[in-house]
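# Commentary on secondary and tertiary structure
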Amino acid sequence: MIECIFTVDYEIYGNGNGSLRELVYEPAEKLMAIFRKWNARFVAFVEAAELEIIQSSRTDSSIDLVERQIREFHGEGFEIGLHLHPQWYNARYEAGQWLLDYGEYNLCRLSFDRIDQLIDRSIAYLRKVLGAPGYNPLSFRAGNWLLQPTGTAAKSLAAHGIKIDSSVFKGGRQYQHNLDYRKSRKNGYYWAFSDDVNVPDPRGILLEIPTFAKMVPIWELFTAKRIGLNQKSPAKTQPRHKQLARLRDFLRLQHPMKLDFCRLTATEMIRMFEQEIKKDRGNPALFRPIVAIGHTKDLIDFNAVDEFLSYLQKCQIRISTFGDIYRIIQLQNPNARE
Ligand SMILES: [Zn+2]
């Protein structure tokens, strides 16, 4: 059985550039309208750090619209997941520009106390925005997908009542940040883990439901649509050692292509899905949650999203949130594999 979970990272550009209205509020309004039309819901991974800091500094007046929209999501059954870019908490706004604290870029590299403090603060912000003191996020996605080294952050997330992480994309590798999800390729559609998100642990404290990705030769990633979106995001002038790290990432023969509903064309998404449907026919008893990813800042091609949703409905594939599937997963073997 296949269910598809749409997740959207709800944030501006990683360097702090861009307007909330253009990169967050307006694209999310259109996305909500499409999902309403298909009577479906997505998971909004709300980046709590940047929104709290922008709200307290009042650098972008659209923050009030954004907070209202988050309440609207919650009220209409869209799931609010926690997304966190900790470099925002010590950010300073100078001469019209955000200066982020890159010393705190990877949550997992901070001390347990600091991690705990930031997760506490981020959940408190979401509760305040939602006006719901009892709200607790069920799902989490780390900034820049960095859930490594896993152990300390996983403990704090679990202690805060979070049950599901969706930071992994199988086969992922970023030399610059020591991200390495290659080992997880042999795992199933989801698994429990504790100290290392790559390694299934039957007594794991969190559940990983990765963003769906398939390995492709590098040239398949250079489509016109993806190149166009890369040109839209702010140019990255990086020091030489970082450029070399990026080059090492590209030198691999096979790369993970995420099921990204903003960056892929409808045809590419459907092709990825067809392979899964074929596998499902061979073994329909296996539960296959498939997580699609998008970013509000990348949402331009709404027709592709609409076409993909129409395809899923035609194939009678349910569109779910993590909340919908959590109970199903608990009843299954958490490390079931093909
Ligand atoms: Zn993000």
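This text goes with the structure placed above it.
Structural notes, computed from the coordinates.

Definitions and limits used
Residues numbered from 1 in each chain as written. Predicted model: local features only at pLDDT ≥ 70, side-chain atom pairs only at ≥ 80, totals over all residues. Heavy atoms only, no water. Helix = DSSP H or I, 4+ residues; strand = E, 2+ residues; numbered from the N terminus. Rg over C-alpha atoms; globule rule 2.2 N^0.38 Å. Contact = heavy atoms within 4.5 Å. Lys, Arg positive; Asp, Glu negative; His and termini not counted. Charge placed at Lys NZ, Arg CZ, Asp CG, Glu CD. Buried < 20%, exposed > 50% of the residue type's maximum accessible area, 1.4 Å probe, protein only. Polar contact = N/O pair within 3.5 Å; in protein donor to acceptor, adjacent residues only side chain to side chain. Pairing = 2+ DSSP bridges. Donors = N, O, S within 2.8 Å, 3.2 Å for Na, K, Ca; no water. Tetrahedral: all angles 85-135°; square planar, octahedral: opposite > 155°, others 65-115°. Phe/Tyr/Trp six-rings, centres within 6.5 Å; stacked < 30°, edge-to-face > 60°. Lys NZ or Arg CZ within 6 Å of the ring centre and 35° of its normal. Expected span 1.5 Å × (residues − 1). Right-handed = clockwise from strand over helix to strand, strands pointing away.

This paragraph deals with the overall build of the protein. If you tally the helices and strands in the protein, you get 10 helices and 15 strands. For a compact globule of 338 residues, the expected C-alpha radius of gyration is about 20 Å, and the protein comes in at 19 Å, within 12% of that figure. The principal-axis extents of the C-alpha atoms in the protein amount to approximately 60 × 45 × 45 Å. Looking at the protein alone, contacts between residues at least 24 apart form 78% of all its contacts between residues at least 6 apart. Between the mean site of the 46 positive side-chain charges and the mean site of the 40 negative ones, the protein shows a separation of 5 Å.

So, about the side chain of arginine 263. Structurally, arginine 263 can be placed in the loop between β13 (254-258) and α8 (266-282). Here arginine 263 falls in the buried class, since its relative accessible area comes to 14%. There is a polar contact of 3.0 Å between the side chain of arginine 263 and the side chain of aspartate 298.

On to the pairing of strand β14 (residues 288-295), then. Each regular strand displays side chains that alternate between the two surfaces of the sheet. Across the 8 residues of β14, 8 count as buried, placing the element largely inside the fold. Burial of the side chains of β14 extends over both faces: Arg288, Ile290, Ala292 and Gly294 are buried on one face and Pro289, Val291, Ile293 and His295 on the other. Across 8 bridges, strand β1 (residues 2-10) lies against β14 in parallel orientation. Each residue of the ladder has a partner; that of isoleucine 5, found in β14, is valine 291.

Turning our attention to the side chain of lysine 297. Its location among the elements puts lysine 297 in the loop between β14 and α9 (302-314). Apart from the residues lying within four places of it in its own chain, the contact partners of lysine 297 are Glu11, Ile12, Tyr13, Gly14, Leu23 and Lys232.

With that out of the way, let us pick up the coordination of the zinc ion. For the zinc ion, every protein donor is listed as Glu11 (OE), Glu11 (OE), His83 (NE2) and His85 (NE2), and the spread of their distances is 2.1 to 2.5 Å. Considering all 4 donor atoms around the zinc ion, the spread of angles at the metal, 56 to 129 degrees, places the coordination shape in the irregular class. Motif for the zinc ion, donor spacing along one chain: E-x71-H-x1-H. In this pair, glutamate 11 sits in the loop between β1 and α1 (20-37) while histidine 85 sits in the loop between β3 (79-84) and β4 (92-94), placing the two residues 74 residues apart along the sequence.

Looking now at the environment of arginine 36. Structurally, arginine 36 can be placed in helix α1. Judged by its relative accessible area of 33%, arginine 36 falls in the partly exposed class. For arginine 36, the residues in contact, after removing those within four places along its chain, are Arg41, Glu72 and Glu76.

In this section: the packing of aromatic side chains. Considering all chains together, one arrives at 17 aromatic pairs under this definition. On the numbers, 5.5 Å between centres and 75 degrees between planes, the contact of phenylalanine 42 with phenylalanine 73 is edge-to-face. Within this pair, whereas phenylalanine 42 is found in the loop between α1 and β2 (43-47), its partner phenylalanine 73 is found in helix α3 (residues 63-75), the two being separated by 31 residues in sequence. The burial state of phenylalanine 42 is the same as that of phenylalanine 73; both residues are buried. Positioned above the aromatic ring of tyrosine 175 is the side chain of arginine 173, whose terminal nitrogen or guanidinium carbon lies 3.9 Å from the ring centre. Lysine 258 extends its terminal NZ or CZ atom over the ring of tryptophan 145, reaching a point 3.9 Å from the ring centre.

Attention now moves to α1. Taking 1.5 Å as the rise per residue, α1 with 18 residues should run 26 Å; its terminal C-alpha atoms sit 25 Å apart, in good agreement. Among all positions of α1, only Leu20, Leu23, Val24, Tyr25, Pro27, Ala28, Leu31, Met32, Ile34 and Phe35 are buried. At the C-terminal side of α1, asparagine 39 shows a positive phi close to 50 degrees.

A word on the pairing of strand β6 (residues 139-142). Where burial is concerned, the two faces of β6 agree: the one with Ser139 and Arg141 and the one with Phe140 and Ala142 are both buried. Note that β6 and strand β7 (residues 164-165) share 2 bridges and pair parallel. By the bridge assignment, serine 139 is partnered in β7 with isoleucine 164. Crossover β6 to β7 through helix α5 (residues 151-159) is right-handed.

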